[in-house]
Amino acid sequence: MAQLELDDLTKVFQDGKDEIVAVDGVSIDIPDGEFLVVVGPSGCGKSTTLRMVAGLETVTSGQIRLDDHVINDVKPQDRDIAMVFQSYALYPHMTVHDNMAFGLEESTDMPDSEIAERVEEAATMMGIDNLLDRKPGELSGGQQQRVALGRAIVRDPEVFLMDEPLSNLDAKLRSQMRTELQRIQEDLGVTTMYVTHDQTEAMTMGDRIAILDGGVLQQVATPLECYHEPNNQFVAGFIGEPSMNFLDVDNENGTLVREGFEYPLAPEIADRVAGRDEVVLGIRPGAVEVEHTSAGDHRFDATVDVVEPMGDENTVYLLFDAWSDDNALVATVSGMRQIESGESVVAHIPEDAIHIFDGETGEALHNRTLVDEEVADVTGD
Ligand code: ATP
């Protein structure tokens, strides 16, 4: 078992005369046994980070440490790290058994009987023990992915690295494999770095999530901390589906203002945003209340633009009547509720659920107020 530390890790690629900073000073401590999900949009440097840890990419500066040993210059095969790729990377001419045994046969002097025992054990764990004599071409995508995972498990490594391992699977299989992978990782207790661009995978699988944008680490925290207490507007918009609503507003002495829109802030929130003239008001779709009464603060006349029934919920796109542009607010309401396009409603944006970000830097100035149980959830108490 191992603790993995990335310390100011940087990777610069040379593209002709241009320099591409793919990973920019990323520092993360991953304690022994943790499942860390690295997430971010395409090109944010996730795979490059993982490939540096695997030893498949050189490090421009910074350190990678495994249990306090710097491994920057250790050869990939000597790192005791197993990587699972999106493409499965199985040898087509070998049977499942041989694919799983290959790494151990090549890199250790373990007796054949012990290798066979390990392969059997990992195959049983992955539910593919009945497929050991088949070749990859005779397997479904889901089965091939199980073999690729089984092959990593057989090596009994210090660290698992997984690069979008589920993205070639259909939605149902993906969600089933998500649960299974989590269970296996927990049972084995192997420190894991798992790369995905899918925020749902990050939310549901990670002990913690590391969110990257443009090679820069934006936040590393538990899924619920990232969701409720984002460091900045990027994290707030990336985590959560549908995404958080953002409204550009001016801060006029503690009232958020826009044409036909006035949102007075309680003094303690106003204090936090004092001195920032341009800010962004954020509210999660699930926190917007779609009502019919306009009595009270923080309520705005709106018209239902589009309704998307999702079963349990309806996703409702609202247009503010007072706004000349087509800026919409997304709300989620119960799927049982009858709500129709063109309906006049009142959008209530409760003050205890709002976030406020700096309009220039995106820094979170105020995050929603959590009630006691929510705080306990977020902090894991
Ligand atoms: P995706 O989700 O699309 O796989 P990613 O977050 O994994 O993206 P990386 O593959 O790590 O992103 O790439 C980060 C940046 O580095 C991108 O701008 C990419 O174009 C660049 N890059 C990656 N590999 C190389 C390379 N070998 N030479 C030059 N630039 C590269």
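Source: prediction; values computed, not measured. (Residues numbered from 1 in each chain as written. Predicted model: local features only at pLDDT ≥ 70, side-chain atom pairs only at ≥ 80, totals over all residues. Heavy atoms only, no water.)

Quick look at the sheet that holds strand β3 (residues 35-39)
1) Next: Ordered by their spatial adjacency, six strands build an open sheet running β6-β7-β8-β3-β9-β10, and the pairing between neighbours is mixed. Looking at which strands have only one partner, the edges of the open sheet turn out to be β6 (81-84) and β10 (216-221). Along the sheet, successive strands turn relative to each other by an average axial angle of 15 degrees, direction set aside.
2) Next: Bridge analysis of β3 against strand β9 (residues 208-213) gives four bridges, and the strand direction is parallel. Looking at β9, one finds that Val39 is bridged to Ile211.
3) Next: Contacts from helix α4 (residues 141-154) reach β6 and β7 (159-163), with the element oriented near 175 degrees to β6. (Pairing = 2+ DSSP bridges. Helix = DSSP H or I, 4+ residues; strand = E, 2+ residues; numbered from the N terminus. Axes fitted to C-alpha atoms, helices over the stretch in contact; angles between N-to-C directions. Contact = heavy atoms within 4.5 Å.)

Points about the layout of surface pockets
One simple way to see leftover space: roll a probe sized like a water molecule over the atoms.
1) Next: Estimates place the volume of the largest pocket at around 560 Å³.
2) Next: Per-element tally for the lining of the largest pocket: the top contributor is helix α2 (residues 96-107), with five residues.
3) Next: Counted by class, the lining of the largest pocket contains 11 nonpolar, four polar and three charged residues. (1 Å grid on protein atoms, 1.4 Å probe; cavity = no way out; pocket = protein on both sides within 12 Å on 5 of 7 lines; lining within 4 Å. Points joined across faces, edges and corners; volume = space filled by probe spheres on them. Nonpolar A, V, L, I, M, F, W, Y, C, P; charged D, E, K, R; others polar.)

Looking at the pattern of salt bridges
1) Next: In this structure the tally under the stated criterion is nine salt bridges.
2) Next: Here Arg65 ties to Glu5 by a salt bridge, and the two come within 3.4 Å at their closest N and O atoms. Placement of Arg65 in strand β4 (residues 61-66) and of Glu5 in strand β1 (residues 4-15) is noted, with a sequence separation of 60 residues between them. Here Arg65 and Glu5 have matching classes, each one buried.
3) Next: The shortest N-O distance in the salt bridge between Arg65 and Asp7 comes to 3.1 Å. Of the two residues, Arg65 sits in strand β4 while Asp7 sits in strand β1, which places them 58 residues apart along the sequence.
4) Next: For Asp7, a relative accessible area of 30% translates into the label partly exposed.
5) Next: One salt-bridge network, in which partners are shared between bridges, spans Glu5, Asp7 and Arg65. (Salt bridge = Lys/Arg side-chain N within 4 Å of Asp/Glu carboxyl O. Buried < 20%, exposed > 50% of the residue type's maximum accessible area, 1.4 Å probe, protein only.)

Describing a negative patch on the surface
1) Next: Taken together, the side chains of Asp248, Asp250, Glu252, Glu262, Asp277, Glu278 and Glu360 define an acidic patch exposed on the protein surface.
2) Next: Positionally, Glu262 belongs in strand β13 (residues 261-264).
3) Next: Among the residues examined, Glu262 registers a relative accessible area of 57% and is labelled exposed. (Patch = residues over 30% accessible without salt bridge, like charges linked within 9 Å, V, L, I, M, F, W, Y side chains within 5 Å. Areas by Shrake-Rupley, 256 points an atom, 1.4 Å probe, with all protein chains shown as cover. Lys, Arg positive; Asp, Glu negative; His and termini not counted. Charge placed at Lys NZ, Arg CZ, Asp CG, Glu CD.)

Brief notes about the domain arrangement of the protein
One frequent convention defines the size of an interface as the accessible area lost when the parts assemble.
1) Next: Its domain assignment divides the protein into domain 1 (4-230) and domain 2 (242-366).
2) Next: The gap between the C-alpha centroids of domain 1 and domain 2 is 39 Å. (Domains from an automatic or database assignment.)

Regarding the packing of aromatic side chains
1) Next: Across all of its chains, the model carries nine aromatic pairs by this definition.
2) Next: Residues Tyr263 and Phe300 carry aromatic rings whose centres are separated by 6.4 Å and whose planes lie at 15 degrees to one another, so their mutual orientation is stacked. With Tyr263 in strand β13 and Phe300 in strand β16 (residues 299-309), the pair connects residues that are 37 residues apart, well separated along the chain. As far as the burial class goes, Tyr263 and Phe300 line up, both buried.
3) Next: Put simply, the rings of Phe261, Tyr263, Phe300 and Phe320 touch in pairs and so form one group of aromatic residues. (Phe/Tyr/Trp six-rings, centres within 6.5 Å; stacked < 30°, edge-to-face > 60°.)

Topic: the pairing of strand β12 (residues 255-258)
On a regular strand, each side chain points to the face opposite its neighbour's, so the side chains alternate between the two faces of the sheet.
1) Next: Note: strand β11 (residues 245-252) against β12, three bridges, orientation antiparallel. Paired with Asn251 across the bridge in β12 is Leu256.
2) Next: Taken together, β11 and the strand that follows it, β12, pair antiparallel across an intervening segment of two residues, in which Asn253 is found at a positive phi of about 50 degrees.
3) Next: Two strands pair when backbone bridges link them, and β12 and β13 are joined in this way by four bridges, in the antiparallel orientation.

Description of the pairing of β11
1) Next: Residues Asn245, Leu247, Val249 and Asn251 point to one face of β11 and are all buried, whereas Phe246, Asp248, Asp250 and Glu252, pointing to the other face, are not buried.
2) Next: Across six bridges, the pairing between β11 and strand β14 (residues 278-283) is antiparallel. When the sheet's bridge partners are listed, Leu247 is paired in β14 with Leu281.

Quick look at the nonpolar core
1) Next: By size, the foremost hydrophobic cluster in this structure holds 45 residues, and its most contacted members are Met100, Ile128 and Tyr194.
2) Next: Looking at this core element by element, the count peaks at six residues for α4.
3) Next: Apart from the residues within four sequence positions on either side, Met100 is in contact with Val119, Ala122, Ala123, Ile128, Leu132, Val147, Gly150, Arg151 and Val154.
4) Next: Core analysis: the second largest hydrophobic core is formed by 33 residues, Leu256, Val273, Val290 and Leu318 among them. (Core = buried A, V, L, I, M, F, W, Y, C linked by side-chain atoms within 4.5 Å.)

As for the confidence of the model for the protein
1) Next: For the protein, mean pLDDT is 90; residues scoring 70 or higher make up 96% of the total.
2) Next: Element-level pLDDT for the protein is lowest in helix α10 (residues 372-379), with a mean of 55, against a maximum mean of 98 in strand β20 (residues 355-358). (pLDDT = per-residue confidence, 0-100.)

Focus on the sheet that holds β12
1) Next: Ordered by their spatial adjacency, six strands build an open sheet running β13-β12-β11-β14-β20-β21, and the pairing between neighbours is antiparallel. Strands at the two margins of the open sheet, each flanked by one partner only, are β13 and β21 (364-366). Each strand axis lies, on average, 40 degrees off the axis of its neighbour in the sheet, ignoring direction.
2) Next: Where β14 lies against β20, four bridges are found, and the strand directions are antiparallel. Within β20, the position partnered with Leu281 by the bridge is Ile356.

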